[in-house]
Amino acid sequence: EPVKKGQLLFRIYSPKIVNAQEEYVLAVNNNNFSLKIAAIKKLKSLGFSEKQLEVLKQNKKAQKLVDVYAKQDGIISQLNIGEGMFVKPENILIVIEDLSRIWMIAEVYERQSNWVKIGQKAQVTLPYLPGKSWQGQINYIYPSLDPKSQTLRVRMVFENQTGDLKLNMFGD
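Residues numbered from 1 in each chain as written. Predicted model: local features only at pLDDT ≥ 70, side-chain atom pairs only at ≥ 80, totals over all residues. Heavy atoms only, no water.

### Describing the sheet that holds strand E1 (residues 2–3)
Applicable threshold: Strands qualify as paired when DSSP identifies two bridges or more between them. A run of DSSP states H or I qualifies as a helix once it reaches four residues; a run of E qualifies as a strand once it reaches two. Both are numbered from the N-terminal end.
In space, the three strands of this open sheet follow the order E1-E4-E5, with antiparallel pairing throughout. Of all strands in the sheet, those bounded by a partner on one side alone are E1 and strand E5 (94–97). Alignment of E1 against strand E4 (residues 74–79), held across two bridges, turns out to be antiparallel. Bridge pairing links proline 2 to isoleucine 75 in E4.

Put into structure tokens, the structure is as follows:
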């Protein structure tokens, strides 16, 4: 599903975030500058935005549910959460991918590997859109050959403003 930067993704309850908010409110109420700065750093490390800090500063009340917003435009390619789930800090909850520029990986035969250079132009066509091609550029050449196929992987970048290029597609 497409999302826009700043769009609300979900609300989460986190005792750590609630405690950090309460520490901030306590520091503000006691005019403790160093504790206030430490609380702000802690909240930011927990994903609190400037806007959320401003609301907390005005309300001086910890919110039990914290809003999480998209940090970029893109599409949700992975959604690993649901209502009522327990999550840990190491869990990846949502993956948002920006598809306005697409990487494509080409495999070049070993005997042709000296033909490709970083910065060279590249062109791709897709079987599902015959007659249409995209212009891109080689931006990375992997340092070793694939041991099974004896091919060199080459990464190319293509602009994808129309969204025609999709993840995991095959092309020529």
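Let us keep going from here.
### Points about the packing of aromatic side chains
For clarity, the cut-off: Centres within 6.5 Å are what make two rings of Phe, Tyr or Trp a pair, Trp counting through its six-membered ring; a difference in plane orientation under 30 degrees is then read as stacked, over 60 as edge-to-face, and the rest as tilted. Remark: a charge is flagged as sitting over a ring if the NZ atom of Lys or the CZ atom of Arg is within 6 Å of the ring centre and within 35 degrees of the ring normal.
Overall, the coordinates contain one aromatic pair when judged by the stated rule. The aromatic ring of tyrosine 109 is capped on one face by arginine 111, whose charged end is 5.1 Å from the ring centroid. Over the aromatic face of tyrosine 142 sits the side chain of arginine 153, whose NZ or CZ is 4.6 Å from the ring centroid.

### Observations concerning the pattern of salt bridges
What counts here: Here, a salt bridge means any Lys or Arg side-chain nitrogen found within 4 Å of an Asp or Glu carboxyl oxygen. Note on exposure labels: buried denotes an accessible area under 20% of the residue type's maximum, exposed denotes more than 50%, and partly exposed covers the range between, all computed with a 1.4 Å probe on protein chains only.
Enumeration according to the criterion identifies six salt bridges in this entry. For arginine 11, the salt bridge goes to aspartate 67, with nearest N and O atoms at 2.7 Å. Taken together, the residues span a long stretch of sequence, with arginine 11 in strand E2 (residues 8–13) and aspartate 67 in strand E3 (residues 65–69) at a distance of 56 residues. Residue arginine 11 is classed as exposed on the basis of its relative accessible area of 53%. Relative accessible area serves as the criterion here: at 21%, aspartate 67 is assigned to the partly exposed category. Across the pair arginine 101 and glutamate 159 runs a salt bridge, and its minimum N-O distance is 3.1 Å. With arginine 101 in strand E6 (residues 101–109) and glutamate 159 in strand E9 (residues 151–159), this pair connects stretches of sequence that are 58 residues apart.

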